Amino acid sequence: MVFKVARVETTPFDGQKPGTSGLRKKVKVFMQPHYLQNFVQSTFNALGADKVRGATLVVSGDGRYYSKDAIQIIIKMAAANGVRRIWVGQNGLLSTPAVSAVIRERVGADGSKANGAFILTASHNPGGPHEDFGIKYNMENGGPAPEGITDKIYSNTTTIKEYLIAEGLPDVDISIIGVTSFAGPEGQFDVDVFDSASDYVKLMKSIFDFQSIQKLLSSPKFTFCYDALHGVAGAYAKRIFVEELGAKESSLLNCVPKEDFGGGHPDPNLTYAKELVARMGLGKTNTEQEPPEFGAAADGDADRNMILGKGWFFVTPSDSVAIIAANAVQAIPYFSGGLKGVARSMPTSAALDVVAKNLNLKFFEVPTGWKFFGNLMDAGMCSVCGEESFGTGSDHIREKDGIWAVLAWLSILAYKNKDNLGGGKLVSVEDIVRQHWSTYGRHYYTRYDYENVDAGGAKELMAYLVKLQSSLTEVNNIIKGIRSDVSKVVMLMNLSTKILLMVPFQSIRASDICLKMGSRLVREAHIVQAQRQFTKMVLNCLWRHHDYHPFIEQYEKDSSKTGRDSQEALAPLVDVALKLSKMKEFTGRSAPTVIT
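Residues numbered from 1 in each chain as written. Predicted model: local features only at pLDDT ≥ 70, side-chain atom pairs only at ≥ 80, totals over all residues. Heavy atoms only, no water.

Q: I'd like a description of the sheet that holds strand β11 (residues 252–253), backed by residues and values.
A: The strand order β11-β10-β12-β13-β14 describes an open sheet built from five strands, whose pairing is mixed. What marks the edges here is a single partner per strand, and that holds for β11 and β14 (313–315). Two strands pair when backbone bridges link them, and strand β10 (residues 224–227) and strand β12 (residues 294–298) are joined in this way by four bridges, in the parallel orientation. Looking across to β12, one finds that phenylalanine 224 is bridged to phenylalanine 294. Contacts between helix α14 (residues 402–416) and the sheet are confined to β10, β12, β13 (305–309) and β14, with β12 contributing the most and set at about 170° to the helix. (Pairing = 2+ DSSP bridges. Helix = DSSP H or I, 4+ residues; strand = E, 2+ residues; numbered from the N terminus. Contact = heavy atoms within 4.5 Å. Axes fitted to C-alpha atoms, helices over the stretch in contact; angles between N-to-C directions.)

Q: Residue-level account of the confidence of the model for the chain, with values.
A: The pLDDT averaged across the chain works out to 87; a share of 88% of its residues lies at or above 70. The low-confidence segment residues 496–535 (pLDDT under 50) makes 142 contacts with residues lying over four places distant or belonging to another chain. Of the regions scoring below 50 in pLDDT, residues 540–545 engages in 22 contacts with residues more than four places distant in sequence or in other chains. (pLDDT = per-residue confidence, 0-100.)

Q: Tell me about the sheet that holds strand β2 (residues 23–26), and name the residues and values.
A: An order of β2-β6-β5-β3-β4-β9-β8 is seen for the seven strands of this open sheet, with the pairing classed as mixed. Of all strands in the sheet, those with a lone pairing partner are β2 and β8 (178–184), marking the two edges. Across the sheet, the mean angle separating the axes of adjacent strands is 15° when strand polarity is ignored. Across five bridges, strand β3 (residues 56–61) lies against strand β5 (residues 116–120) in parallel orientation.

Q: Help me get a handle on the side chain of glutamate 388, residues and values and all.
A: Counting through the fold element by element, glutamate 388 comes out in the loop between β17 (384–387) and β18 (391–394). Taking the relative accessible area as the measure of exposure, glutamate 388 reaches 6% and is therefore buried. Reaching out from glutamate 388, the side chain makes a polar contact with the side chain of arginine 447 at a distance of 2.6 Å. Ignoring any residue separated from it by four or fewer positions in sequence, one finds glutamate 388 in contact with Pro317, Ser318, Ser345, Pro347, Thr348, Tyr445, Arg447 and Phe551. (Buried < 20%, exposed > 50% of the residue type's maximum accessible area, 1.4 Å probe, protein only. Polar contact = N/O pair within 3.5 Å; in protein donor to acceptor, adjacent residues only side chain to side chain.)

Q: So what's going on with the layout of surface pockets? Which residues, and what values?
A: Size it by volume and the second largest pocket reaches roughly 490 Å³. Residue lining of the second largest pocket: 22 residues in total, with Thr223, Phe224, Lys248, Ser251 and Gln289 positioned closest to the centre. Contributions of two or more residues to the lining of the second largest pocket are made by α8 (210–218), β10 and α10 (274–279). Residues that form the lining of the second largest pocket fall into these classes: nine nonpolar, eight polar and five charged. (1 Å grid on protein atoms, 1.4 Å probe; cavity = no way out; pocket = protein on both sides within 12 Å on 5 of 7 lines; lining within 4 Å. Points joined across faces, edges and corners; volume = space filled by probe spheres on them. Nonpolar A, V, L, I, M, F, W, Y, C, P; charged D, E, K, R; others polar.)

Q: An account of empty space enclosed by the protein is requested, with residue identities and associated values reported.
A: For the structure shown, the criterion picks out four cavities of 30 Å³ or more. By volume, the largest cavity amounts to about 90 Å³. Lining the largest cavity we find 15 residues, and of these Gly22, Lys136, Tyr137, Ala145 and Thr150 sit closest to its centre. At the level of elements, β6 (132–138) and α6 (147–157) are the ones that each hand at least two residues to the lining of the largest cavity. Per-element accounting of the lining of the largest cavity gives the leading share, three residues, to β6. A class-by-class count of the residues in the lining of the largest cavity yields eight nonpolar, five polar and two charged. The calculated volume of the second largest cavity comes to roughly 50 Å³. For the second largest cavity, the full set of lining residues is Asn305, Met306, Ile307, Val315, Thr316, Pro317, Ser320, Phe390, Gly391 and Thr392. For the lining of the second largest cavity, the elements supplying multiple residues, two or more each, are β13, α11 (317–331) and β18.

Q: Let's hear about the packing of helix α7 (residues 198–207) against α14: which residues, and what values?
A: Two packed helices can be described by the angle between their axes and the distance between those axes. Where α7 contacts α14, the axes come no closer than 11 Å and their chain directions differ by 30°. On the basis of their axis angle, the class for α7 and α14 is roughly parallel. Of the two elements, α7 crosses α14, and the hand of that crossing is right-handed. Packed against α7, whose contacting residues are Tyr200, Met204 and Ile207, the element α14 presents Ile403, Trp404 and Leu407 at the interface. (Parallel < 35°, antiparallel > 145°, perpendicular 65-115°, else oblique. Left-handed = near helix turned anticlockwise from the far one by under 90°.)

Q: Give me the lowdown on α14, citing residues and values where you can.
A: Three or four residues apart is the spacing at which side chains of an α-helix point the same way, because the helix has 3.6 residues per turn. Relative to the 21 Å expected for 15 residues at 1.5 Å per residue, α14 spans 21 Å between its end C-alpha atoms, a close match to the ideal helical length. In terms of burial, α14 is largely enclosed, as 13 of its 15 residues are buried. A distance of 3.4 Å separates the backbone nitrogen of isoleucine 403 from a side-chain oxygen at the start of α14, and that oxygen is part of aspartate 401. (Expected span 1.5 Å × (residues − 1).)

Q: Explain the pairing of β8 to me, and be specific about the residues and the numbers.
A: Every other side chain in a regular strand lies on the same face of the sheet, so the side chains alternate between the two faces. Bridge analysis of β8 against strand β9 (residues 187–194) gives seven bridges, and the strand direction is antiparallel. If you follow phenylalanine 182 over to β9, its bridge partner there is phenylalanine 189. Connecting the antiparallel pair β8 and β9 is a turn made up of two residues.

Q: Can you tell me about the environment of arginine 7, naming the residues and giving the values?
A: Along the chain, the position of arginine 7 falls in strand β1 (residues 4–9). What makes arginine 7 exposed here is its relative accessible area of 59%. Those residues in contact with arginine 7, other than ones at most four positions away along the chain, are Glu162, Tyr163 and Leu164. Reaching out from arginine 7, the side chain makes a polar contact with the side chain of glutamate 162 at a distance of 2.6 Å.

Q: Quick one: what's the story with the pairing of β17, residue by residue and with numbers?
A: On β17, burial covers both faces: Val384 and Gly386 on one face and Cys385 and Glu387 on the other are all buried. Pairing analysis gives three bridges linking strand β15 (residues 342–345) to β17, with the strands arranged parallel. The residue bridging alanine 343 from the neighbouring strand is cysteine 385, located in β17. In textbook terms, the turn of a hairpin is the stretch between consecutive antiparallel strands, and for β17 and β18 this stretch comprises three residues, one of which, phenylalanine 390, has a positive phi near 65°.

Q: Quick rundown of unusual backbone geometry? Include the residues and the values.
A: One non-glycine residue with positive phi stands out, namely histidine 230, at about 60°. Residues other than glycine seldom take positive phi values, yet phenylalanine 390 does so here, at roughly 65°. Tracing the sequence through the fold places phenylalanine 390 in the loop between β17 and β18.

Q: Requested: an account of the packing of aromatic side chains, with residues and values cited.
A: Tallied over the full model, the rule gives 19 aromatic pairs. Judged by centre distance (5.0 Å) and plane angle (75°), the rings of phenylalanine 30 and phenylalanine 133 are edge-to-face. Here phenylalanine 133 lies in strand β6 and phenylalanine 30 lies in helix α1 (residues 27–30), a separation of 103 residues in the sequence. Accessibility expressed as a relative area gives 0% for phenylalanine 133, which makes it buried. An angle of 50° between the planes, with centres 5.1 Å apart, marks the rings of phenylalanine 224 and phenylalanine 241 as tilted. Here the residue phenylalanine 224 occupies a position in strand β10, and phenylalanine 241 occupies one in helix α9 (residues 234–244), the gap between them amounting to 17 residues. Like phenylalanine 241, phenylalanine 224 is buried. One cation-aromatic arrangement involves lysine 418 over tyrosine 415; the distance from NZ or CZ to the ring centre is 4.1 Å. (Phe/Tyr/Trp six-rings, centres within 6.5 Å; stacked < 30°, edge-to-face > 60°. Lys NZ or Arg CZ within 6 Å of the ring centre and 35° of its normal.)

As structure tokens, this is what we get:
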């Protein structure tokens, strides 16, 4: 079948600026005539004809509403722009980490390798006709496009006058595995629909000891539960946990991918993963089934994870990455030769820092955005990394990887219990975490999420906080009026839309708080912290999503004091953070949407 290239006149849309995770808007915005096409053509133009013509591109996503329509549009535009072949996961499904794996690992039947990918996802945001859709471009290393490319994309969206699309190219049936070929002005164009899970499963089997995990999961003493929240992780869960590792199919929750995520919010936290939280023992009565030993959840595109232990023992993402790093060499074959280094995002707790110091590992702190971890990995300087927003990963790909994190935890549990499966008490998730605290100290940590805050209120809030930096005296007086046991600010530094307050951990009373503001000096903030262990308070407003996130952290080395409830331990600092920011006055919110 022969197609022709049509040039379609268009005009720019406001606000098509990609964030750290691409462009996200409501479905109805993307469904406007020319909207998606403008962004895709702007991306092709940013990459340049030399990178597009003859290229092999992946086009898939988390399966949310409008994905199938978007895939067909992108296929037609790719053909018109001279792309040689498109790879599509069956039914348009590929998790974000699987896309990265496919770019880096898959070889086509003709020997082709992928040059990049359009990933259709809005991550942990809800899906459906009235909810969110998103698109982002990943590069040949498997990671998100760097700022130099996303800036060009945005610039192009503001001046675009036309886009190219193939006329006479029918929709491709993406439910059937196989290659469909077409002829165009520049020669043959192929659409290759392939199994969504095979390449990713192969990669996981090269990283982990599946035999040891299988022994753990097959033990009658160990029980397991995994909740995909009706996201794309469901396309991998049965294949990996049931078929490869021998878990019971009844251990899987919500593992059928749905366009609207079953009407739920595919964000793996204690608020939205309600069914998993209940199964793990919250609100358990004597007549209910015994909770599983281990539970985990994924978000919509399967790059995030939540880890729970029996009896609703929640592992903070900050602790999770630290514990994985501390046990990786012994428990995970991929790391048997040692770790190149470790890294975390700025808002993430310093639990990983302490592990790095004790194990003599290179340590890095980066701004929020997985692409910054990718830079370290490409330079051979980072093996394991993570962020407080439930993202954990390693240098096997260039995206965070939720299922990888679950397999890492199962590997650690298998290693710790290699002599216990036949008899004796199992080492539990809680045991591993408490032993970690005993060895490295505990970083009490909490994050308050105020979602969908009024844009005007959010801007006023941040303007108020920025204004505070002009007067240390005023800040100190406000804090003293809030809590007499939290004392003065000693330094100001700008961290873009984040305000960072640091308190020496030795005691809250008579301690110093550093109110820091400015992105350029994030590394300097780390240097200060390396010299003296600090408590952190980060007051963060994300303009694009109108969310407000205070992060609170306090370090405790005394093992006799590491067992407190985190909300109790952090209450004085939470009080300061919320009242100092005048959150209720500016936003009208008296309580957060989510607490983790």
